[in-house]
Amino acid sequence: MGIARRLWRAFDDRAGISQILGPVLRHPVPKDARWYYVFGSATLFAFLLQVVTGIALALAYIPSTANAYDTLQWITHQAPFGRILRGMHYFGASAMVLLIGAHMARTFLMGAYKFPRELNWITGVVLFVVTILLAFTGQLLRWDQTAVWSIAVAAEQMGRLPLIGRALARFLLAGDTWGGQTLSRFFAFHVFFIPAVIFAFVGIHLWLVLRHGISEPPEPGRPVDPRTYRAWYQSLLSREGRPFWPDAAWRDIVFGVCMAGAVVLASLIVGPPELGKPPDPTIIQADPRPDWYLLWYFGLLALLPPNLENYVMVLGPLVALIVLLLVPAISNRGERSPARRPWAIGLVFAICLTIGTLWIVGARAPWSPDFTTGPIPARIIGAATGPIAAGGRLFYGKGCQYCHAIAGYGGARGPDLSAVGDRLTPAQMTWRILNGGMNMPAFAGNLTPDELDALIAFLKSRTTRESTP
Amino acid sequence: MSGDHHPAAAKAGSPASPGRREFLTRVSIALGALGAAIVAVPVVGFLLAPFFEKQSQVWRPVGTVDSFRPGMTVKVDFPDSSPLPWAGVVARTAAWLRREPDGTFVAFTVNCTHLGCPVRWLPDAGLFMCPCHGGVYYKDGAVAAGPPPKPLPRYPVRVRDGQVEIQTSPIPITT
């Protein structure tokens, strides 16, 4: 026996590590629990990656509203390994959000939330919610212009809650406005409060996994009956169970290492998200957008009819949370196999489709004015002098172009006017410009008669023939 | 090892012990709860402080009257009501100040009433526009288009000793 082994045995005899961990690691699991069971452990690995990279970043990050932006600039552009570390923290967060979503979808599709694992599901829902909170507060710690305005947006949403909304908004801002306390409190939530909740619930979640065992892969025609399930599951394990370590754990290790490798690779190739403008609330040229995991919600808020907006903002997250928590109460027995639960497949598909669609729309944000658009070139206007040329300049100068595009120049908030001359008469154009309507402001008080004539001349000249020569 | 515990276990199981044990259980739980409460009051109080704090508002000068041309809308910057020393640039606030043709002043917040994003002033268009969800306001702050449910909120403005002053205000929260 080597000296190292003898030392370990002596240490283990006193510490009792094998006595505690041995039964946990070797607990039997169903032999068919294969690759689709790795998402939960991978989520935990991603969280641990966040803890490690977060601690490293905290060596230099100063959670002060006056210094945070500068320290992040230093970490990203000057500190050795700083760029890759920030990238790993960002992509680790993305991986954690993706993996917990995949884990929940797998659990739902396979009916693994059914008896006796209802509490596993409920603690998982709590972990999902705090993971989103962790991701959101992490974006705010970037403490650039987008972070500052995102806090304002979050406070506005809190404000829609009846009775306590205004107080909650003040709580979020840590005062009447952003101030010295705003960032330090978000920092405390991000690195202490939320991770503490995650550690606690991961502990409970893992305990429940050990207590009830890993759910066996479902088979059609093998429903869960709470009266007989436990005895049946134990007989299954004693017949054909395999020790978790190493028979099942190797897949978790392989997938977890691949995930960590992908995170490192992404941070090397893509790098961390570049910081925006400084967090100065007096810089008005801002275009705040949430990180990708909440971009779909940003899109939803833009597309909602105004009369529904308050209800969705206030009740939407609450109802979604209650429904998720109640999933086991709705059905904790019966068929688990997705082949016998087509509605479950349909539901997951519908959720993915909805979020995916909103995500794409949120990324494009066609409802936002395009402040980056430049004047339409003279070759497209088709005249260098005269009313058409003047109208082309007014189209840009009066801000029409922020919302309407012509030949690819301009925003997508309003209809494309590349061929408006084919669709509307000058009288119709005049009426619409002066009176507004259909989500367009009225320009009656902001155009002289000459300006209006020039604008109409320009728009009238936008015909198919001219725009597609 | 187990032999060490037998005498104590036997003593604990004596006929006189249940009442004492119950008493000790209750005392321990009560003391633990009391200790937790004593610690929790300042911790929770500090956490929830923003719910109870009241910030008094102050008047901030933003420029001389003559520096603002009638009919023009310009951005003005001023410090918050009580900035903390380490607040840095976030202690600054902006407002859109408009001098009406009759010489009076109106100050609008820069926060869109939809979700609080910063609205821009487009002087040639005579409109405020929000980059987030496309809210549009006329020069008087009235909603012109898009999702904003209310007009742009206004700051109190006054003129003192030739200076235009704006009263600080909380970020307007649309309820």
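Cut-offs applied
- Residues numbered from 1 in each chain as written.
- Chains lettered and ligands numbered in written order.
- Predicted model: local features only at pLDDT ≥ 70, side-chain atom pairs only at ≥ 80, totals over all residues.
- Heavy atoms only, no water.
- UniProt positions renumbered as here; feature names shortened; annotations may be inferred.
- Salt bridge = Lys/Arg side-chain N within 4 Å of Asp/Glu carboxyl O.
- Buried < 20%, exposed > 50% of the residue type's maximum accessible area, 1.4 Å probe, protein only.
- Helix = DSSP H or I, 4+ residues; strand = E, 2+ residues; numbered from the N terminus.
- Disulfide = S-S within 2.5 Å.
- Polar contact = N/O pair within 3.5 Å; in protein donor to acceptor, adjacent residues only side chain to side chain.
- Contact = heavy atoms within 4.5 Å.
- 1 Å grid on protein atoms, 1.4 Å probe; cavity = no way out; pocket = protein on both sides within 12 Å on 5 of 7 lines; lining within 4 Å.
- Points joined across faces, edges and corners; volume = space filled by probe spheres on them.
- Nonpolar A, V, L, I, M, F, W, Y, C, P; charged D, E, K, R; others polar.
- Pairing = 2+ DSSP bridges.
- Domains from an automatic or database assignment.
- Buried area = accessible area lost by both parts, 1.4 Å probe.

By the naming in an unreviewed UniProt entry, chain B goes by Rieske 2Fe-2S domain-containing protein and is assigned to Candidatus Segetimicrobium genomatis. Per UniProt, chain B has the following entry under Cofactor (unreviewed entry): "[2Fe-2S] cluster".

By the naming in an unreviewed UniProt entry, chain A is C-type cytochrome, taken from Candidatus Segetimicrobium genomatis. Looking at the Subcellular location (unreviewed entry) heading of the UniProt record, one finds this comment for chain A: "Membrane".

Draft legend 1. Here's a closer look at the pattern of salt bridges. Throughout the structure, instances matching the rule amount to 17 salt bridges over all chains. The salt bridge partner of Arg 227 of chain A is Asp 225 of chain A, with a shortest N-O separation of 2.9 Å. Residue classification places Arg 227 of chain A among the exposed residues on the basis of a relative accessible area of 74%. Between Glu 22 of chain B and Arg 26 of chain B there is a salt bridge, and its shortest N-O distance comes to 3.0 Å. Placement of both Glu 22 of chain B and Arg 26 of chain B in helix α2 (residues 17-47) is noted, with a separation of four residues, approximately one turn of the helix. Each of the salt bridges in this network shares a partner with another, and the network as a whole consists of Asp 280 of chain A together with Lys 75, Asp 77 and Arg 92 of chain B.

Draft legend 2. Broad picture of the state of the cysteines. Residues and elements named next belong to chain B. Considering all chains together, one arrives at one disulfide over all chains under this definition. Two residues, Cys 117 and Cys 132, share a disulfide whose sulfurs are 2.0 Å apart. Residues Cys 117 and Cys 132 are joined by a disulfide whose S-S torsion is about -85°; by sign, that bridge is left-handed. With Cys 117 in the loop between β4 (105-109) and β5 (120-122) and Cys 132 in the loop between β6 (127-129) and β7 (136-138), this pair connects stretches of sequence that are 15 residues apart.

Draft legend 3. Representation of the side chain of Glu 309 of chain A. Tracing the backbone through its elements, the reader meets Glu 309 of chain A in helix α13 (residues 306-330). At a separation of 3.4 Å, a polar atom in the side chain of Glu 309 of chain A contacts the side chain of Arg 160 of chain A. If near-sequence neighbours (up to four positions away) are discounted, Glu 309 of chain A is found in contact with Arg 160, Leu 301 and Leu 304 of chain A together with His 114 and Pro 147 of chain B.

Draft legend 4. The arrangement of empty space enclosed by the protein in detail. The tally for this structure, following the rule as stated, stands at one cavity of 30 Å³ or more. Together, Trp 149, Thr 177, Trp 178 and Pro 281 of chain A together with Thr 93, Ala 94, Val 110, Asn 111, Tyr 155, Ser 169, Pro 170 and Ile 171 of chain B line the largest cavity. Residue classes in the lining of the largest cavity are distributed as eight nonpolar, four polar and no charged.

Draft legend 5. Structural context of the sheet that holds β4 of chain B. All names here are of chain B. Strand order in the open sheet made by the four strands is β2-β3-β4-β9, with antiparallel pairing throughout. Unpaired on one side and paired on the other, β2 (73-79) and β9 (154-155) mark the two borders of the sheet. Of the strand pairs in this sheet, β2 and strand β3 (residues 92-99) are connected by seven bridges, and their pairing is antiparallel. Residue Asp 77 lies in a different strand from β3, and its bridge partner there is Ala 94.

Draft legend 6. Structural detail: the layout of surface pockets. All names here are of chain A. In this structure, the second largest pocket spans a volume of roughly 1,200 Å³. In terms of lining residues, the second largest pocket is bounded by 46 residues, among which Gly 40, Ser 41, His 205, Leu 206 and Val 209 are the most central. Elements with a minimum of two residues in the lining of the second largest pocket: α2 (17-25), α3 (39-58), α5 (82-109), α6 (118-141), α9 (180-212) and α11 (244-269).

Draft legend 7. Structural detail: the domain arrangement of chain B. You can read the domains of chain B as domain 1 (2-49) and domain 2 (59-167). Centre-to-centre, using C-alpha coordinates, domain 1 of chain B lies 60 Å away from domain 2 of chain B.

Draft legend 8. Broad picture of the UniProt feature "domain: Cytochrome b/b6 C-terminal region profile" (unreviewed entry) in chain A. Here, the residues flagged by UniProt with the feature "domain: Cytochrome b/b6 C-terminal region profile" (unreviewed entry) are residues 234-376 of chain A. Secondary structure across residues 234-376 of chain A divides into 65% helix and 1% strand, with the first and last C-alpha atoms of the span separated by 74 Å.

Draft legend 9. Layout of the interface of chain B and chain A. Contact with chain B, which involves 58 residues of that partner, is made by 62 residues of chain A. Of the roughly 4,900 Å² buried where chain B meets chain A, counting both sides, 62% is carbon and sulfur surface. Inspection of the region where chain B meets chain A yields one salt bridge. Between Arg 92 of chain B and Asp 280 of chain A there is a salt bridge, and its shortest N-O distance comes to 3.5 Å. Summed over the shared surface of chain B and chain A, the result is 29 residue pairs in polar contact (both at pLDDT 80 or more). Sorting the residues of the side of chain B that touches chain A by element identifies α2, α3 (49-52), β2, β3, β5, β6, β7 and β8 (143-145) of chain B as the ones contributing at least two each. Here the side of chain B that touches chain A gets four residues from one element, more than from any other, and that element is β3 of chain B.

Draft legend 10. Quick peek at unusual backbone geometry. Residues and elements named next belong to chain A. Residues Phe 115 and Pro 116 are joined by a peptide bond in cis, for which omega reads 5°. Tracing the sequence through the fold places Pro 116 in the loop between α5 and α6. In this chain, Trp 245 is followed by Pro 246 through a cis amide linkage whose omega measures 5°. Here Pro 246 is to be found in helix α11. Notably, Ala 365 is not glycine yet its phi reads approximately 45°, a positive angle. Mapped onto the elements of the fold, Ala 365 is located in the loop between α14 (342-364) and α15 (378-381). Residue Ala 365 is classed as buried on the basis of its relative accessible area of 6%.

Draft legend 11. Layout of the UniProt feature "domain: Rieske" (unreviewed entry) in chain B. As recorded in UniProt, the sites labelled "domain: Rieske" (unreviewed entry) are residues 73-166 of chain B. In the segment residues 73-166 of chain B, helix accounts for 0% and strand for 45%; the C-alpha atoms at its two ends are 15 Å apart.

Draft legend 12. Molecular detail of the UniProt feature "domain: Cytochrome c" (unreviewed entry) in chain A. The positions that UniProt labels "domain: Cytochrome c" (unreviewed entry) are, in the present scheme, residues 386-463 of chain A. With 54% helix and 0% strand, residues 386-463 of chain A has its two end C-alpha atoms placed 18 Å apart.

Draft legend 13. Geometry of the environment of His 190 of chain A. Residue and element names in this part refer to chain A. By the element assignment, His 190 lies in helix α9. Spatially, the C-alpha atom of His 190 lies 8.9 Å from that of Phe 136, the residues being 54 residues apart in sequence. At 3.1 Å, the side chain of His 190 and the backbone oxygen of Leu 134 are in polar contact. Reaching out from His 190, the side chain makes a polar contact with the side chain of Thr 137 at a distance of 2.9 Å.

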